[in-house]
Amino acid sequence: MTRELNFRTNLSAQLTAQLSLVRVTVPDIHALSPAQFPSYSVDLGKTFYQQNALAGTPISGYQEFTLTINFTLPQLSPETMLHFRSDFLVGVEFFFGGGYAPPVIQPGENYRIESISLVNVAAPTIQPTATRFAITINARYDFINL
């Protein structure tokens, strides 16, 4: 399995189990059905190589990813939205702080996923008439090529 596919599969299984969220692949929150809340999506970003062998082969690096958590609430409840957002962030911080277990190296794989870390969380957007909300979390995972 490729490094990116292995990471997405492993991360998704653990997020679903630990945070009780539904995985979605639709990036537009307005295109989701009511049954798809609360949910999350994972979008991979740029890969950065930090160390190369003498022959130029990448040895280690990290890849950015965006975790988006979607949830719904009644209109005209900004304080409730902030409360739910805070609860989700506590769960995410716990997950990133030790709840995530990197995948086990399988025969034939030439990489190891080391860890994940939070980079930043986007500021909340308060729209009193909205019923659908998203939390955007930027993070990264570190890897080593064997």
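One can find the structure itself at the top, above this paragraph.
Residues numbered from 1 in each chain as written. Predicted model: local features only at pLDDT ≥ 70, side-chain atom pairs only at ≥ 80, totals over all residues. Heavy atoms only, no water.

To continue, consider the pattern of salt bridges. One pass over the full model with this rule turns up two salt bridges. Measuring nitrogen to oxygen at the nearest pair gives 2.3 Å for the salt bridge that ties glutamate 114 to arginine 112. Judged by relative accessible area, arginine 112 falls into the partly exposed class, the value being 32%. (Salt bridge = Lys/Arg side-chain N within 4 Å of Asp/Glu carboxyl O. Buried < 20%, exposed > 50% of the residue type's maximum accessible area, 1.4 Å probe, protein only.)

Right, let's get into the environment of serine 115. In this structure, serine 115 sits in strand 4 (residues 111-121). With 54 residues separating them along the chain, serine 115 and glycine 61 place their C-alpha atoms 11 Å apart. If we skip the residues at most four places from it in the chain, serine 115 touches Arg140, Tyr141 and Asp142. (Helix = DSSP H or I, 4+ residues; strand = E, 2+ residues; numbered from the N terminus. Contact = heavy atoms within 4.5 Å.)

To continue, consider the layout of surface pockets. When its volume is computed, the largest pocket comes out at roughly 250 Å³. Taken together, 15 residues form the lining of the largest pocket, with Thr125, Arg132, Phe133, Ala134 and Ile135 sitting closest to its centre. Taken together, the residues that form the lining of the largest pocket break down as nine nonpolar, four polar and two charged. (1 Å grid on protein atoms, 1.4 Å probe; cavity = no way out; pocket = protein on both sides within 12 Å on 5 of 7 lines; lining within 4 Å. Points joined across faces, edges and corners; volume = space filled by probe spheres on them. Nonpolar A, V, L, I, M, F, W, Y, C, P; charged D, E, K, R; others polar.)

Okay, the side chain of asparagine 70 next. Among the secondary structure elements, asparagine 70 is positioned in strand 3 (residues 58-72). Apart from the residues lying within four places of it in its own chain, the contact partners of asparagine 70 are Val24, Ile29, Leu32, Phe37, Pro38, Ser39, Tyr40, Phe133 and Ala134.

What follows is about the packing of aromatic side chains. Tallied over the entire structure, the rule returns twelve aromatic pairs. Ring centres 6.1 Å apart and planes at 85° place the aromatic pair tyrosine 49 and phenylalanine 143 in the edge-to-face group. You can see tyrosine 49 sitting in strand 2 (residues 39-52) and its partner phenylalanine 143 sitting in strand 5 (residues 132-145), a full 94 residues away along the chain. Taken together, the aromatic side chains of Phe7, Tyr49, Phe65, Phe95, Phe96, Tyr100, Tyr141 and Phe143 make up a single cluster linked through ring pairs. Across the ring face of phenylalanine 143, the terminal group of arginine 3 is positioned such that the distance to the ring centre comes to 3.9 Å. The ring of tyrosine 62 carries the charged tip of arginine 140 above its face, separated from the ring centre by 3.8 Å. (Phe/Tyr/Trp six-rings, centres within 6.5 Å; stacked < 30°, edge-to-face > 60°. Lys NZ or Arg CZ within 6 Å of the ring centre and 35° of its normal.)

Taken N-terminus to C-terminus, the directions of helix 1 (residues 3-19) and helix 2 (residues 78-99) make an angle of 125°; their axes are 11 Å apart at the nearest point. As summarised for this structure, helix 1 and helix 2 are arranged oblique, according to the angle between their axes. The two elements helix 1 and helix 2 meet at a crossing, and its hand is right-handed. On helix 2, the residues touching Leu11, Gln14, Leu15, Gln18 and Leu19 of helix 1 are Gly91, Val92, Phe95 and Gly99. Taken together, the residues that form the contact of helix 1 with helix 2 break down as five nonpolar, four polar and no charged. (Axes fitted to C-alpha atoms, helices over the stretch in contact; angles between N-to-C directions. Parallel < 35°, antiparallel > 145°, perpendicular 65-115°, else oblique. Left-handed = near helix turned anticlockwise from the far one by under 90°.)

Read across the open sheet, the five strands follow the order 1-2-3-5-4; overall the sheet is mixed. Both edges of this open sheet fall to strand 1 (22-23) and strand 4, since each of them pairs with a single strand only. With 13 bridges connecting them, strand 3 and strand 5 associate as antiparallel partners. Residue pairing across strands places asparagine 70 opposite alanine 134, the latter belonging to strand 5. (Pairing = 2+ DSSP bridges.)

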